[in-house]
Amino acid sequence: MTRRPATNPTIDSELTLPIEGMTCASCVNRIERFLLKTPGVEAASVNLATETATVHYRPDLADRAALVGAIEAAGYDVRRRPATQPDAAAPTLAAALAAEDLERDRDARALLVRAVASLTVAALIMIVMFAPQTAVGLIELDRLVLLPATFIQVWAGGRFYRAAWRAARHGTTNMDTLVAVGTTAAWGYSVVVTLWPEVVASAGIEPVTYFDSATIIIGLVLLGRWLEARAKTRTTGAIRGLVGLVPATARLVREGTDVEIGLDDVEPGDILRVRPGDKVPVDGIVIDGGSAVDASMLTGEPLPVAVGPGDEVIGATLNTTGTFLMRATRVGRDTALARIVELVQRAQGSKAPIQRLADRIAEIFVPIVIVTAVVTFLIWLAIGPEPRLTYALAAFISVLVIACPCAMGLATPTAIMVGTGRGAEAGILIRGGEALETAHRVDAVVFDKTGTLTLGHPSVIDVVPAAGMSIAAVLEAAGSLEAGSEHPLGAAIVARAREDGLGHGMVSGFEAIAGGGVEGTVTDGSGSRSVVIGSRVLMGERGIDISGLAEAATTSASAGRTVAYVAIDGVAAGCISLGDPIKPTAAEAVRALTERGIEVWLVTGDGRATAEAVGRQVGIRGDRIEADVRPADKVAVIERLRAGRRLVAMVGDGINDAPAIASADLGVAIGTGADVAIEASDVTLIGGDPRAVASAIALSRATMSVIRQNLFWAFGYNVILIPVAMGVLYPAFGIALNPALAAGAMALSSVSVVLNSLRLRGFDPRRPVHSGDAPAPAREDGVA
């Protein structure tokens, strides 16, 4: 599975362009084809729901002008307003979204005005035409309604003609082609009947007009698009909700006084004051004071977290009780929130593999419908009842206007937009449609231990020196060497050594052995010594005998603690027992996955006894525990499981576990705040709660259920109603579909798909659900 594009801008750049004129899935396919034919374009994804094209291209071979030219060559326009780039800073993005909302509101109002005008004129025409009159009187009435009907055809129906003509100039067709041809046939025939009734009468044709049908069709289609636009706006609510979290100003501390400045003016290193009730303006480090910060809007964690000097805080989270000073570290597009918004935007503009079938069908859908309509007309004209031309024309129009490739184009992207947005609100960031579709089929989840099932904040529990050594000597050597390590275990050893005033020796030749430990030379008042700290496996590789520490190590490991051996000048000096508390929700997370029929595995670099002790506490079976595994070897474990026909998700911290995360079918990074490894995974769990793994899978299953419902409806609608419009029910039941009813059905079909996707807004991925659960109906406030 290809998860992520290259990020080197000299190799692959990304551009998102807003497109005008798309109406159905066939438009999507055509634009993608033209973009992919452009030299330098590596990948292109066009989304009907967001009305955007996301293009990955080589900047040395292509540029924005070339991409815009390809879209225009396909028969569509790029909006003049600047594209909303996903890497924009949050305040800039907020302004761009506001501008986009204003433009969408203007478009929606224009649709509504034209729809209401069309339906009003249609109603007046029907009132006039149904008034009792003689045949001569009917002709006069036709002439009376000719002008308003023509006005609606040109003014309200103009957008269909413009889009159809643009497509025709490029040798293609789309949804607007069907509406334009259908309404033109109804209006044009009516004009002939009205202006030249004697010609119609001499041909033996009943002088029936369809001005009302033409105006009703235009009105209903426009009304449907207005409803669709309103519904689609709700699917992007998650993005707007996230951006809305950003405060407009920050309180800068300058020369002892507070100065309120715009968020755009905050720079890294600025000292900011955050008072009770304020939102944290940007990412930073607390340098003075303390409080409790509510990060539920980003992480989904319900309880505020206490912060003090040295703790990290995330922009847009809410300060609850105290006042503190913070130093800004990340601002603008570098903040955690901006990166989250970026990921959600990309996900909402992505495609799922399940959409490919609909895309292939939509590519040939409109031409097939036009051919079908022509064949229907000829059949009715040849063997239909009298008046044959009237029946043939009505069937022709009905087939054209009832066909709806819009529903096929919206079936998948609208569900993905709502599903990924709902996940973001719960602290579950899904990279795109492919990851979302993969997640629902996962049947094996592999957990790392440290920082995933445990808190990731280990502390030294005990230090056992070897014979002839002292605790101080062990801590002096270990604390000095580990000062150069960034591993949590190393930090715990350094902290313990510094408590006793130890661990200040000079270090040279420092080397970190991935998944094994560290080694180097420590120089202090006692001279220079070669020091190795690490696992039992590392000691064996270095030929160091640790048998004298076996009893102490076994006791610690059986209690679920990690044992780090210390060797000085090739001789075992002692072992350090470190405890890393298991997360309170770890056992519940394992149980939730198991209840869904998913195998749960533990893969860790710790020894067997430690791994099994942790496994017992969280509920992982002993035969599904892999111990003494280095990060690089975790890939082999993943591949072995995949070879057993399992679809595997790897859950880790996104740093040491990056190779295994990348090799799994679904890579899941679990972390907290701004430290989440967004670029390393398919799914990122912000809050650090392992239960979110089951929540992500539940969200995927619910979203895929809605997508299947949408596709079933989109295909079923056309398979059933196009034959009805052709008149298959007429021989047996005498039922022929009225063109106005056909237009209404078409208008509502795409709206129904969007509304069905919006049910996902009522799905809470954090609540306990069973594998077969479907999303609950959404209340008006979006709460289940």
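Residues numbered from 1 in each chain as written. Predicted model: local features only at pLDDT ≥ 70, side-chain atom pairs only at ≥ 80, totals over all residues. Heavy atoms only, no water.

**Q** Describe the sheet that holds strand β9 (residues 291–294), and please don't skip the residues or the numbers.
**A** The sheet built from 3 strands is open, its strands ordered β10-β9-β12 with antiparallel pairing. For this open sheet the edge positions go to β10 (305–307) and β12 (318–319), each flanked by a neighbour on one side alone. Pairing of β9 with β10, which is carried by 3 bridges, proceeds in the antiparallel orientation. Each residue of the ladder has a partner; that of Ala-292, found in β10, is Ala-306. (Pairing = 2+ DSSP bridges. Helix = DSSP H or I, 4+ residues; strand = E, 2+ residues; numbered from the N terminus.)

**Q** Mind laying out the sheet that holds strand β1 (residues 13–20), listing which residues take part and the relevant values?
**A** Spatial strand order, β2-β3-β1-β4: 4 strands in an open sheet with antiparallel pairing. Either end of the sheet is taken by a strand with one partner, and the two such strands are β2 (41–47) and β4 (77–78). In this sheet, strand β3 (residues 52–57) lies alongside β2 in antiparallel orientation, the contact comprising 6 bridges. Looking at β3, one finds that Asn-47 is bridged to Thr-52. Strands β1, β2 and β3 of the sheet are contacted by helix α1 (residues 25–36), whose axis makes an angle of about 165 degrees with β2. Each of β1, β2, β3 and β4 is contacted by helix α2 (residues 64–73), which is oriented at about 35 degrees to β1, the strand it contacts most. (Contact = heavy atoms within 4.5 Å. Axes fitted to C-alpha atoms, helices over the stretch in contact; angles between N-to-C directions.)

**Q** So, the nonpolar core: which residues are in play, and what are the values?
**A** One broad rule of soluble globular proteins: the nonpolar side chains tend to lie buried together. Judged by nonpolar contacts, the single largest core of 136 residues is most densely connected at Met-22, Ile-31, Leu-35, Ile-71, Val-445 and Leu-593. If you tally residues by element for this core, the top one is helix α24 (residues 691–726), at 16 residues. Discounting residues that sit within four places of it in the chain, Val-445 has contacts with Leu-593, Ile-598, Glu-599, Val-600, Trp-601, Ala-649, Val-651, Val-693 and Ile-697. By size, the runner-up hydrophobic cluster in this structure holds 30 residues, among which are Val-282, Val-286, Val-293 and Val-341. (Core = buried A, V, L, I, M, F, W, Y, C linked by side-chain atoms within 4.5 Å. Buried < 20%, exposed > 50% of the residue type's maximum accessible area, 1.4 Å probe, protein only.)

**Q** With reference to specific residues and values, describe unusual backbone geometry.
**A** The omega angle of the peptide bond from Glu-386 to Pro-387 is -10 degrees, so this bond is cis rather than trans. Relative to the elements of secondary structure, Pro-387 occurs in the loop between α12 (355–383) and α13 (388–402). Even without glycine at this site, Glu-255 takes up a positive phi of about 55 degrees. For Glu-255, the location among the structural elements is in the loop between β5 (249–254) and β6 (257–262). The phi angle at Asp-628 is positive, at roughly 55 degrees, despite the residue not being glycine. You can see Asp-628 is positioned in the loop between β23 (625–626) and α22 (631–643).

**Q** Outline the environment of Val-286, listing residues and values.
**A** In this structure, Val-286 sits in strand β8 (residues 283–289). For Val-286 and Pro-309, which are 23 residues apart along the polypeptide, the C-alpha to C-alpha distance reads 4.8 Å. Not counting residues within four places of it along the chain, the set of residues in contact with Val-286 comprises Val-307, Gly-308, Pro-309, Gly-310, Asp-311, Val-313, Phe-324, Leu-325 and Met-326.

**Q** Account for the pairing of β3, with residues named and values stated.
**A** Across the 6 residues that make up β3, a large majority, 6, are buried. Side chains Thr-52, Thr-54 and His-56 of β3 all project onto a buried face; the interleaved residues Ala-53, Val-55 and Tyr-57 project onto the opposite face, where all are buried too. Summarising the sheet, β1 and β3 pair through 6 bridges and their orientation is antiparallel. Paired with Glu-14 across the strands is His-56, a residue of β3. Between β2 and β3, which pair antiparallel and follow one another directly, the connecting turn spans 4 residues, one of which, Glu-51, has a positive phi of 55 degrees.

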